[in-house]
Amino acid sequence: MTKNPLPHLAKRLAILTTAMLLLNCGLAAERKTENLILITLDGVRYQELFGGLDLEILKATIKDGKLEDTKAYKRFWADTPKERREKLMPFFWGEWMQRHGSVAGNPQKGSSVRLANRLLFSYPSYSEILTGQARDDLITSNDKVLNPNPTVLEFLRRKLGLPQKQVAAFASWDVIGVAVQHEAGAVFTNAGYEAYAHPDPAIQSMSRLQFETLTPWDTVRHDEYTFRFAMAHLKTHRPRVFYLSLGETDDWAHEKRYDRVLAAIARNDSIFSELWNWLQADAQYRNKTTLLITTDHGRGDIALNWHSHNAQIRDAKNTWLAVISPDSPLRGEWTGGEPVVMDQIAATLCRFVGLDYSEQNPKTGKPIARLFEK
Ligand SMILES: [Zn+2]
């Protein structure tokens, strides 16, 4: 036995500290994510994502003629939910879910993703996603006002030391332009009917055309414009944190145009494919980009209320979340497990780049642990 145990203890502590530092460096070196992309599809139900065309709803929404003669039926109907969803979103269920990512929220598989807020409409739910803050009741309407809480996009810009154009949000709905930030100008935004300045003459022409090809809604432009401007921005400014917010799916549903909802979801799938092929052909983004794809809320679950969502429609709290990441080994559909809560998304995004979001918001939901299990 040694007379003085302290030097031994100090030595052991030093060895332990060195080992922990090495382990930390090892984890940081293993992490591949350098870019983050968040995508939201407004009000897309888990029922369509996991099961494709819902025949009861299509039946309830056709005005005249035979069901089998409708475009939607011909294009999207098949006998099993698996075949139907693959007809609706072939890229998502093929390339993404088979080779690069996973998706939570199919109740048929015992997986649940849900909102913590009780309002179940857009701004409170986008704010839950963007701030990790769900129940302070500061946002109770869809009014176009700056977010009362700082957002994860602002946190990421500060922590990663990025210029404004490298933390960008492109949105079809104008309110997203303010929902993404607590301080005006903290994030580069282009949202709703808004001109987008770019040297490419094709983009200039589209920027003008958006005002000539109106949707039925004053605050939501066609997703196609949003996506074209988003791609132009990606290519030119090469953001490390990017948010693409698509909106038509929700508004066609409020119009009870189920055929248009399905067509919009299918178009979103083409957008995923084009975006992914571009990312994977680019050295800055290829295998270094984590994408989180989700929706702001669900909707009703029967032909009577499928088009709507609010605090009285219970199923509207159920959502879904897909994660495509070089740092998450999960593939395909999640089965079972703890419910995922939407207030965990902000912290999860940060975790992918090694940051702790609770530094900004101590009340945030925690990163989704299952994504990081090896
Ligand atoms: Zn809505």
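Residues numbered from 1 in each chain as written. Predicted model: local features only at pLDDT ≥ 70, side-chain atom pairs only at ≥ 80, totals over all residues. Heavy atoms only, no water.

What about the coordination of the zinc ion?
Donor atoms from the polypeptide that bind the zinc ion are Asp 250 (OD), Asp 250 (OD), His 254 (NE2) and His 309 (NE2), placed at 2.1 to 2.5 Å. Angles of 55 to 152° at the metal separate the four donor atoms of the zinc ion, which places the site in the irregular class. Here the donor residues of the zinc ion are spaced in sequence according to D-x3-H-x54-H. A residue pair is termed long-range when its members are at least 10 positions apart, and Asp 250 in helix α12 (residues 248–254) and His 309 in the loop between β7 (289–294) and β8 (318–319) qualify at 59 residues. With respect to burial, Asp 250 and His 309 carry one shared label: buried. (Donors = N, O, S within 2.8 Å, 3.2 Å for Na, K, Ca; no water. Tetrahedral: all angles 85-135°; square planar, octahedral: opposite > 155°, others 65-115°. Helix = DSSP H or I, 4+ residues; strand = E, 2+ residues; numbered from the N terminus. Buried < 20%, exposed > 50% of the residue type's maximum accessible area, 1.4 Å probe, protein only.)

Topic: the packing of helix α10 (residues 201–209) against helix α11 (residues 223–237)
Where α10 contacts α11, the axes come no closer than 10 Å and their chain directions differ by 150°. Viewed along their axes, α10 and α11 adopt a mutual orientation that is roughly antiparallel. Read as a crossing pair, α10 and α11 show a hand that is left-handed. Facing α10, whose interface residues are Ile 203, Met 206, Ser 207 and Leu 209, α11 presents Tyr 225, Arg 228, Phe 229 and Ala 232. (Axes fitted to C-alpha atoms, helices over the stretch in contact; angles between N-to-C directions. Parallel < 35°, antiparallel > 145°, perpendicular 65-115°, else oblique. Left-handed = near helix turned anticlockwise from the far one by under 90°. Contact = heavy atoms within 4.5 Å.)

Details of the sheet that holds strand β2 (residues 101–104)
Taken together, eight strands build an open sheet; the order of strands is β5-β4-β6-β1-β7-β9-β2-β10 and the sheet is mixed. The sheet is open, and its two borders are formed by β5 (188–191) and β10 (332–333), each paired with just one other strand. Of the pairings in the sheet, the one linking strand β4 (residues 167–171) to strand β6 (residues 241–246) comprises five bridges and is parallel in character. Considered in β6, the bridge of Ala 171 is made with Ser 245. Sitting on the sheet, helix α6 (residues 90–100) touches β2, β7, β9 (321–324) and β10, and the angle it makes with β2 is about 105°. (Pairing = 2+ DSSP bridges.)

Looking at the nonpolar core
If you look at the biggest cluster of nonpolar residues, it comprises 112 residues, and the most contacted ones within it are Phe 92, Trp 96 and Leu 291. With twelve residues, the single largest contributor to this core is helix α13 (residues 258–280). If sequence neighbours within four positions are ignored, Phe 92 has contacts with Leu 49, Met 97, Val 103, Asp 269, Phe 272 and Ala 322. (Core = buried A, V, L, I, M, F, W, Y, C linked by side-chain atoms within 4.5 Å.)

Regarding the pattern of salt bridges
For side chains bearing opposite charge, pairing can occur when the charged atoms are close. Overall, the coordinates contain 15 salt bridges when judged by the stated rule. The partner of Glu 48 in a salt bridge is Arg 45, and the shortest N-O contact between them spans 2.8 Å. Each member of the pair, Glu 48 as well as Arg 45, is classed as buried. Between Arg 99 and Glu 95 there is a salt bridge whose closest N-O contact spans 3.3 Å. Of this pair, Arg 99 and Glu 95 both sit in helix α6, four residues apart, which is roughly one turn of the helix. When its relative accessible area of 26% is taken as the criterion, Glu 95 is described as partly exposed. (Salt bridge = Lys/Arg side-chain N within 4 Å of Asp/Glu carboxyl O.)

A word on unusual backbone geometry
You will see that Leu 120, though not glycine, has its phi angle at about 60°, which is positive. Within the element layout of this structure, Leu 120 appears in the loop between β3 (113–114) and α7 (122–131). For Arg 238, which is not a glycine, the phi torsion comes out positive at approximately 50°. Within the element layout of this structure, Arg 238 appears in the loop between α11 and β6.

A word on the side chain of Arg 45
Within the secondary structure, Arg 45 is located in the loop between β1 (35–41) and α2 (46–51). Polar contacts involving the side chain of Arg 45 include one to the side chain of Glu 48, which spans 2.8 Å. Every residue in contact with Arg 45, bar those within four places of it in the chain, is listed here: Asp 54, Ile 57, Arg 299, Gly 300, Asp 301, Trp 306 and Trp 320. (Polar contact = N/O pair within 3.5 Å; in protein donor to acceptor, adjacent residues only side chain to side chain.)

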